[in-house]
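Examining the three-dimensional arrangement
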Amino acid sequence: MRERLAAAIVTAYRDGQRVGEIARVSGYGREQVRRILRANGVEPEGTRES
């Protein structure tokens, strides 16, 4: 179940949804969504260290 939700979050992000919208729909906080994305090899925009 968690794997499917993580895959859906990654797909939504890659399809252009913003982290905040994914968080609202999923019920997770923004940082949790970012962690899920990073754990699946996706670096969310605006969170990269310079």
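Only a predicted model underlies this, so the values are computations on that prediction, with no experimental measurement involved.

**A short note on the overall build of the protein chain**
- When you go through the protein chain residue by residue, the secondary structure sums to 3 helices and 0 strands.
- Along the chain direction, N to C, the helices and strands of the protein chain fall in the order α-α-α.
- Projected onto its principal axes, the C-alpha coordinates of the protein chain cover approximately 35 × 20 × 20 Å.
- Across the protein chain, contacts joining residues at least 24 apart in sequence account for 41% of those joining residues at least 6 apart.
- Here the protein chain has roughly 3900 Å² of accessible surface; of this, 46% comes from carbon and sulfur atoms.
- Counting 10 positive and 7 negative side-chain charges, the protein chain places the averaged centre of each group 4 Å from the other.

**Describing helix H1 (residues 2-14)**
- For H1, with 13 residues, the first-to-last C-alpha span of 18 Å sits near the 18 Å given by 1.5 Å per residue.
- When H1 is considered as a whole, its buried residues turn out to be Ala6, Ile9, Val10, Ala12 and Tyr13. Buried residues of H1 fall within an arc of 165° about the axis and therefore sit on the same side. The outward face of H1, more than 90 degrees from its buried face, is lined by the exposed residues Glu3, Arg4 and Arg14.
- Residues of H1 that are buried make contact with helix H2 (19-26) and helix H3 (30-39).

**Here's the deal with the packing of H2 against H3**
- At a minimum axis separation of 8 Å, H2 and H3 run at an interaxial angle of 105°. It follows from the interaxial angle that H2 and H3 lie roughly perpendicular. Residues Val19, Gly20, Ile22, Ala23 and Ser26 of H2 pack against Arg30, Val33, Arg34 and Leu37 of H3.
- A breakdown of the residues in the contact of H2 with H3 according to their chemical character gives 5 nonpolar, 2 polar and 2 charged.

**Brief notes about the pattern of salt bridges**
- By the definition in use, this model includes 4 salt bridges.
- Its salt-bridge partner being Glu31, residue Arg38 comes within 3.3 Å of it at the nearest N-O pair.
- When the shortest N-O distance is used, the salt bridge between Glu43 and Arg38 registers 3.5 Å.
- By relative accessible area, which is 33% here, Arg38 ends up partly exposed.

Conventions adopted
- Residues numbered from 1 in each chain as written.
- Predicted model: local features only at pLDDT ≥ 70, side-chain atom pairs only at ≥ 80, totals over all residues.
- Heavy atoms only, no water.
- Helix = DSSP H or I, 4+ residues; strand = E, 2+ residues; numbered from the N terminus.
- Contact = heavy atoms within 4.5 Å.
- Areas by Shrake-Rupley, 256 points an atom, 1.4 Å probe, with all protein chains shown as cover.
- Lys, Arg positive; Asp, Glu negative; His and termini not counted.
- Charge placed at Lys NZ, Arg CZ, Asp CG, Glu CD.
- Expected span 1.5 Å × (residues − 1).
- Buried < 20%, exposed > 50% of the residue type's maximum accessible area, 1.4 Å probe, protein only.
- Arc of directions from axis to C-beta.
- Axes fitted to C-alpha atoms, helices over the stretch in contact; angles between N-to-C directions.
- Parallel < 35°, antiparallel > 145°, perpendicular 65-115°, else oblique.
- Nonpolar A, V, L, I, M, F, W, Y, C, P; charged D, E, K, R; others polar.
- Salt bridge = Lys/Arg side-chain N within 4 Å of Asp/Glu carboxyl O.

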